Amino acid sequence: MKNDLKQRENWTTRLGFILAAAGSAVGLGNIWRFPYVTGTNGGAAFLFIYLIAIIIIGYPLMVTEMTLGRKSQRNPVGAFKSLAPNSPWWLVGGLGVLTGFVILSYYSVVAGWSLAYIFKALSGFTPDMAFGELFGAHISGVAVPIFWHAVFMIITIGVISAGVVKGIQRAVKTLMPILFILLLVLIFRSVTLEGAGEGLTFYLTPDFSVITWQTIMDAIAQAFFTLSLGMGAMITYGSYLSEDANIGDNAAYVVGLDTLIAVLAGFAIFPALFAVTDVSPSAGPGLTFITLPAVFAEMPLGSFFGFLFFVLLSVAALTSAISLLEVVVAWAVDEKDMERKKASIIIGIIIFLVGIPPVLGYSAWSGFSFIGFDILDSYDWIANSIFLPLGGLLTAIFAGYVWKAKNLQDEANKKSGVINIGAWYGFLIKIVVPIAIAVVMIVSIVQTFTG
Ligand code: TRP
């Protein structure tokens with residue numbers, strides 16, 4: 001509210017916005033989380049359900065968040081306040097700010113693993129190395145993972161304190177295309193390895209008998225996480241969007257690019273997993289860090305490519321992390337009248353501290369278990385299986401019934417584009433999205449706690 005008189009920064013070009021939003025979406029979620037969640041959920045059948053979740057839940061919510069942001073020109077808390085004054089709806093934005101906090105705290109830990117692997121690649125990946133043990137030894141350290149987690153948070157704070165256009169837009173423009181090309185090189189190596197066929201079968205031939213409510217919940221959670229939905233990140237980014245942007249098209253680019261990169265990461269990982277490692281697809285959070293070094297070890301100039309890959313993965317993580325921190329900082333700046341730099345530093349330090357328990361969960365506190373999860377997985381479960389779907393559910397209800405689907409449709413279509421938002425949107429956002437999320441959440445939570 002207090003920022004009304006200041007001219008709000010706008011993305012300088014349309015491409016700048018798409019790349020920044022895609023930069024938020026494309027990150028560890030695509031290259032680290034997607035393959036391991038697909039692996040623990042049996043492969044192809046999960047991929048199938050995930051793609052459905054992206055289309056019927058992800059895309060409509062992407063449109064919704066971007067439009068709420070553009071209309072209100074505010075952070076998530078301010079957006080709900082300005083569209084529904086004197087009502088408790090701002091709490092949905094508040095939940096989003098809290099979720100950003102939780103996700104970034106452990107996201108930065110995993111990004112720290114990626115930073116550390118830049119240097120492991122430099123000292124060489126060779127076919128005789130035991131990559132499972134290398135990874136286990138790394139995460140069960142204390143000082144080293146905390147050090148890289150700190151480095152990653154410092155870089156994130158640096159970008160965010162520089163401001164939206166200068167900081168975020170500049171970083172993503174050159175780096176995203178390079179990541180894409182490198183992924184293609186990796187796929188080529190992975191699918192041409194001897195024994196790659198088994199991995200392709202695992203990834204592409206669905207066995208629908210393995211699907212449970214939990215599988216569907218994991219697919220929805222992954223859709224939210226990978227698209228940066230459910231906590232107002234896209235409300236915040238949309239708030240820097242100008243009037244002459246068509247939202248249907250922008251949202252389609254972001255969802256399409258993100259899905260493409262995740263699916264490609266699966267093609268890089270699963271063939272190699274079966275061909276050159278003895279790791280199970282359900283190895284969990286270590287999957288990418290164990291499998292890809294094994295692929296690099298099988299390539300000419302593998303250590304160089306490994307180095308380049310982990311640099312780019314760290315950059316992809318950075319462009320996502322900045323969107324997480326930006327949500328919290330935009331709230332502090334707009335609603336609490338804090339100065340941007342000061343807010344970035346204070347909030348960044350608190351998030352760093354909250355991220356220390358997930359590191360210790362692999363060493364000093366490895367005895368901790370919550371419904372079978374270690375500390376990092378527990379943070380991940382609370383954020384992705386509870387907070388994000390709940391935030392998405394409430395956002396859909398707000399857009400469909402409180403602000404009204406028709407108003408949102410008109411706002412999104414202000415400038416017409418290739419994909420204009422039609423009546424189908426109202427049906428999805430008012431009925432399909434809320435019912436699907438609510439049913440799956442309730443059943444899977446009940447099952448989680450009753451075994
Ligand atoms: N989408 C990012 C990834 O896939 C993570 C992320 C960034 C995120 N911002 C978010 C997840 C907001 C949920 C909400 O790596």
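Residues numbered from 1 in each chain as written. Predicted model: local features only at pLDDT ≥ 70, side-chain atom pairs only at ≥ 80, totals over all residues. Heavy atoms only, no water.

(A) Representation of the packing of aromatic side chains within the structure. Following the criterion strictly, the structure yields 30 aromatic pairs and no others. For the ring pair Trp 32 and Tyr 36, a centre distance of 5.3 Å and an interplane angle of 55 degrees mean the geometry is tilted. Placement of both Trp 32 and Tyr 36 in helix H2 (residues 28–40) is noted, with a separation of four residues, approximately one turn of the helix. Exposure remark for Trp 32: the relative accessible area of 0% places this residue in the buried category. The buried category is assigned to Tyr 36, whose relative accessible area is 7%. A network of ring pairs unites the aromatic residues Trp 113, Tyr 117, Phe 125, Phe 131, Phe 135, Phe 289, Phe 296, Phe 309, Phe 310 and Tyr 362 as a single cluster. The side chain of Arg 33 reaches across the aromatic face of Phe 225, ending 5.3 Å from its centre. The residue whose ring lies beneath Lys 81 is Trp 90, and the NZ or CZ to ring-centre distance is 5.6 Å. (Phe/Tyr/Trp six-rings, centres within 6.5 Å; stacked < 30°, edge-to-face > 60°. Helix = DSSP H or I, 4+ residues; strand = E, 2+ residues; numbered from the N terminus. Buried < 20%, exposed > 50% of the residue type's maximum accessible area, 1.4 Å probe, protein only. Lys NZ or Arg CZ within 6 Å of the ring centre and 35° of its normal.)

(B) Expanded view of the nonpolar core. If you look at the biggest cluster of nonpolar residues, it comprises 156 residues, and the most contacted ones within it are Trp 32, Met 62, Met 66, Trp 113, Leu 186, Phe 309 and Phe 310. Those residues in contact with Trp 113 that lie beyond four places of it in its chain are Trp 32, Phe 135, His 138, Ile 139, Pro 285, Phe 289, Tyr 362 and Leu 376. (Core = buried A, V, L, I, M, F, W, Y, C linked by side-chain atoms within 4.5 Å. Contact = heavy atoms within 4.5 Å.)

(C) Highlighting the packing of helix H7 (residues 143–161) against helix H14 (residues 302–335). One can describe the packing of H7 onto H14 by two numbers: an axis separation of 9 Å at closest approach and a directional angle of 60 degrees. When the interaxial angle is binned, H7 and H14 end up oblique. Once H7 is placed against H14, the crossing between them reads as right-handed. On the side of H7, the interface is formed by Phe 152, Ile 155, Thr 156, Ile 157, Val 159 and Ile 160, while H14 contributes Ser 314, Ala 317, Leu 318, Ala 321, Ile 322, Leu 325, Glu 326 and Val 329. In the contact of H7 with H14, the residues fall into 11 nonpolar, two polar and one charged. (Axes fitted to C-alpha atoms, helices over the stretch in contact; angles between N-to-C directions. Parallel < 35°, antiparallel > 145°, perpendicular 65-115°, else oblique. Left-handed = near helix turned anticlockwise from the far one by under 90°. Nonpolar A, V, L, I, M, F, W, Y, C, P; charged D, E, K, R; others polar.)

(D) A look at the pattern of salt bridges. All told, the structure shown has seven salt bridges when counted by the stated rule. The salt bridge involving Lys 81 is made with Glu 335; its shortest N-O contact spans 3.3 Å. Within this pair, whereas Lys 81 is found in helix H4 (residues 76–83), its partner Glu 335 is found in helix H14, the two being separated by 254 residues in sequence. For Glu 335, a relative accessible area of 9% puts it in the buried group. With a closest N to O distance of 2.9 Å, Asp 410 and Lys 406 form a salt bridge. Of the two residues, Asp 410 and Lys 406 both sit in helix H18 (residues 405–412), four residues apart, roughly one turn of that helix. The exposure class of Asp 410 is partly exposed, given its relative accessible area of 41%. (Salt bridge = Lys/Arg side-chain N within 4 Å of Asp/Glu carboxyl O.)

(E) Quick look at empty space enclosed by the protein. Going through the model one piece at a time under the given rule, you end up with three cavities of 30 Å³ or more. Of the volumes computed, that of the largest cavity is approximately 130 Å³. As for the largest cavity, its lining consists of 20 residues, of which Ser 24, Ile 103, Phe 225, Ser 228 and Leu 324 are closest to the centre. Those elements giving two or more residues to the lining of the largest cavity turn out to be helix H1 (14–25), H2, helix H5 (90–122), helix H10 (213–226) and H14. When the residues that make up the lining of the largest cavity are grouped by side-chain class, the tally is 12 nonpolar, eight polar and no charged. (1 Å grid on protein atoms, 1.4 Å probe; cavity = no way out; pocket = protein on both sides within 12 Å on 5 of 7 lines; lining within 4 Å. Points joined across faces, edges and corners; volume = space filled by probe spheres on them.)

(F) Structural detail: the site of the ligand. Close to the ligand lie 17 residues, the nearest being Ala 25, Gly 29, Tyr 107, Phe 225 and Ser 323. One nitrogen or oxygen atom from the main chain of Gly 29 is found 2.8 Å from an oxygen atom belonging to the ligand. Measuring from a nitrogen atom of the ligand, one finds a side-chain N or O atom of Ser 228 at 3.0 Å. Protein contacts shield 100% of the accessible area of the ligand, which totals 370 Å² for the unbound molecule. A molecule is said to occupy a pocket when more than half its atoms come within 2 Å of that pocket's grid points, and by this definition the ligand occupies the largest cavity. Taken together, the elements giving at least two residues each to the shell around the ligand come down to H1, H2, H5, H10 and H14. The class makeup of the residues in the shell around the ligand is nine nonpolar, eight polar and no charged. (Near = heavy atom within 4 Å. Polar contact = N/O pair within 3.5 Å; in protein donor to acceptor, adjacent residues only side chain to side chain. Areas by Shrake-Rupley, 256 points an atom, 1.4 Å probe, with all protein chains shown as cover. Sits in = over half its atoms within 2 Å of the grid points.)

(G) Molecular detail of the confidence of the model for the protein chain. Here the protein chain averages 91 in pLDDT, while 95% of its residues score no lower than 70. Scored below 50 in pLDDT, residues 1–6 shows 12 contacts in the model against residues more than four places distant or in partner chains. (pLDDT = per-residue confidence, 0-100.)

(H) Region of interest: helix H15 (residues 340–354). Between its first and last C-alpha atoms H15 spans 21 Å; for 15 residues at 1.5 Å apiece the expected length is 21 Å, and the two agree. For H15, the complete set of buried residues consists of Arg 340, Ala 343, Ser 344, Ile 347, Gly 348, Ile 351 and Phe 352. For H15, the arc enclosing every buried residue in end-on projection is 155 degrees, short of the 170-degree limit, so these residues lie on one face. (Expected span 1.5 Å × (residues − 1). Arc of directions from axis to C-beta.)

(I) Structural view of unusual backbone geometry. Of note in the backbone geometry, Leu 301 takes a positive phi value of approximately 60 degrees without being a glycine. Tracing the backbone shows Leu 301 in the loop between helix H13 (287–297) and H14. Here Leu 301 falls in the exposed class, since its relative accessible area comes to 63%. Positive phi is not limited to glycine here, since Lys 404 has a value of about 85 degrees.

(J) Highlighting the packing of helix H6 (residues 131–139) against H13. Where H6 contacts H13, the two axes come as close as 9 Å, and the packing angle between them is 135 degrees. By the angle class used here, H6 and H13 are oblique. Considering the relative orientation of H6 and H13, their crossing is right-handed. Taking contact as the criterion, the partners of Phe 131, Gly 132 and Phe 135 in H6 are, on H13, Phe 289, Ile 290, Pro 293, Ala 294 and Ala 297. Residues belonging to the contact of H6 with H13 are distributed by class as follows: seven nonpolar, one polar and no charged.

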